[in-house]
Amino acid sequence: MVTSSAPGKVYLFGEHAVVYGEPAVPCAIERRARVTVEQRSDSKLRVHAEDLSLDGFTVEYSGDADGHPDIDVSESLVEAAMGYVDAAVDQARDAVAEQRGEDAPAVGFDVSIASDIPLGAGLGSSAAVTVAGIDAATRELGVELSSETIADRAFRAEYDVQKGQASRADTFCSATGGAVRVEGDDCRGIGAPDLPFVIGFDGGAGDTGKLVAGVRELRDEYGFAADTVEAIGDIVRRGEQVLADAAEDPESDRIDELGDLMDFNHGLLEALGVSSRSLDSMVWAARDAGARGAKLTGAGGGGCIVALDETDETETALEFTPGCETAFRAELATDGVRVESS
Ligand code: MEV
């Protein structure tokens, strides 16, 4: 039996635009999905999941054909999570076959997931589950993959589940940890200062596939929407420079400029139609509380915002903001996927 964990992430800059080849900078955060995998004597897959959100509900799900989840979150979210587990297990079997130069092993697994990353809320829960699942399942079969190979396999799994509407950003960031830069297939770690992330969560979730498709339609129809996507790329390029300067000199006022760029990025995402009333309220509450900047993170439509504030003001303000269910501080996670026990 092997347990592996992988972190969630926030986007400092660049979600959605990254789908069209613009760069993006996601940062891993210390909220992790833990996946335990144990080989079965038959070829079935049984999945048990709990705590798939911050708190407030538990999901009991057995992947048996007639098993019905006993949950108080949208069933489609749980089904989506199970789709990622399925895809992760397929990738793990395939990776083991590739290493051994033989057919994929016809083994079944018992899989347990415990995650403190809310589902579908822009914090990379599906990528974290997929990454940790591939690591645990391959280790259970006696094969150890590099974090880059896990990132690539996890991307392929997400790509399948999201029907081709996925970038490498979430999966690479979760596999390697830290701050990363993603542009098309080019993914690499970059230096970052200790960023004072505060996260606000509205308790909801967006449908990534629909939101990505909505941006695609706008971009196909209107030149100015395509320009907006490119302008997000410009913000990211500027943001990378500022981040590099801030990493070298954490005492400088560069964090203020990062915040300004986050504000700008949120405005452009709003223009592309992927924000929501609750996300906007949380962004404005953070700004009013003195955050250096704030934006939605991930696909949008609902879920989380990320703000930069080293004081307690933003977290307190968010706790009193209508539409915000929970606010919390998150540290940059320097570890990506890692084995917890075997
Ligand atoms: C979703 O977390 C981020 C998007 O950019 C989609 C992707 O990059 O796969 C909206």
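The structure we're discussing is the one just above.
Cut-offs applied
- Residues numbered from 1 in each chain as written.
- Predicted model: local features only at pLDDT ≥ 70, side-chain atom pairs only at ≥ 80, totals over all residues.
- Heavy atoms only, no water.
- Disulfide = S-S within 2.5 Å.
- Buried < 20%, exposed > 50% of the residue type's maximum accessible area, 1.4 Å probe, protein only.
- Near = heavy atom within 4 Å.
- Polar contact = N/O pair within 3.5 Å; in protein donor to acceptor, adjacent residues only side chain to side chain.
- Areas by Shrake-Rupley, 256 points an atom, 1.4 Å probe, with all protein chains shown as cover.
- Nonpolar A, V, L, I, M, F, W, Y, C, P; charged D, E, K, R; others polar.
- Domains from an automatic or database assignment.
- Salt bridge = Lys/Arg side-chain N within 4 Å of Asp/Glu carboxyl O.
- Helix = DSSP H or I, 4+ residues; strand = E, 2+ residues; numbered from the N terminus.

Peer 1: Please set out the state of the cysteines residue by residue, giving values where relevant.
Peer 2: All told, the structure shown has 0 disulfides when counted by the stated rule. No disulfide involves Cys187; its nearest neighbouring cysteine sulfur is the one of Cys173, lying 10 Å away. Accessibility expressed as a relative area gives 17% for Cys187, which makes it buried. In this model Cys304 remains outside any disulfide bridge; the closest cysteine sulfur is found in Cys324, 8.8 Å from its own. Overall, Cys304 belongs to the buried group, its relative accessible area being 1%.

Peer 1: Account for the site of the ligand, naming residues and giving values.
Peer 2: The environment of the ligand is made up of Lys9, Tyr11, Glu15, His16, Val18, Val19, Ala166, Ser167, Asp170, Val212, Gly298 and Ala299. At 2.6 Å, a side-chain N or O of Ser167 approaches an oxygen atom of the ligand. One of the side-chain N or O atoms of Asp170 is found 3.0 Å from an oxygen atom in the ligand. In the complex, the protein chains occlude 95% of the 300 Å² of accessible area that the ligand would expose alone. Broken down by class, the residue content of the shell around the ligand amounts to 6 nonpolar, 3 polar and 3 charged. The residues that make up the shell around the ligand include at least three from each of domain 1 (2-191) and domain 2 (197-330).

Peer 1: Please give an account of the pattern of salt bridges that cites residues and values.
Peer 2: One pass over the full model with this rule turns up 26 salt bridges. One salt bridge connects Lys9 with Asp170, and the closest N-O pair in it is separated by 3.1 Å. In this pair, Lys9 sits in strand E1 (residues 2-13) while Asp170 sits in helix H4 (residues 169-176), placing the two residues 161 residues apart along the sequence. There is no split in this pair, since Lys9 and Asp170 are both buried. Between Arg254 and Asp245 there is a salt bridge; the shortest N-O distance is 2.7 Å. A cluster of three or more residues bridged by salt bridges with shared partners is formed by Asp152, Arg156, Arg168 and Asp185.

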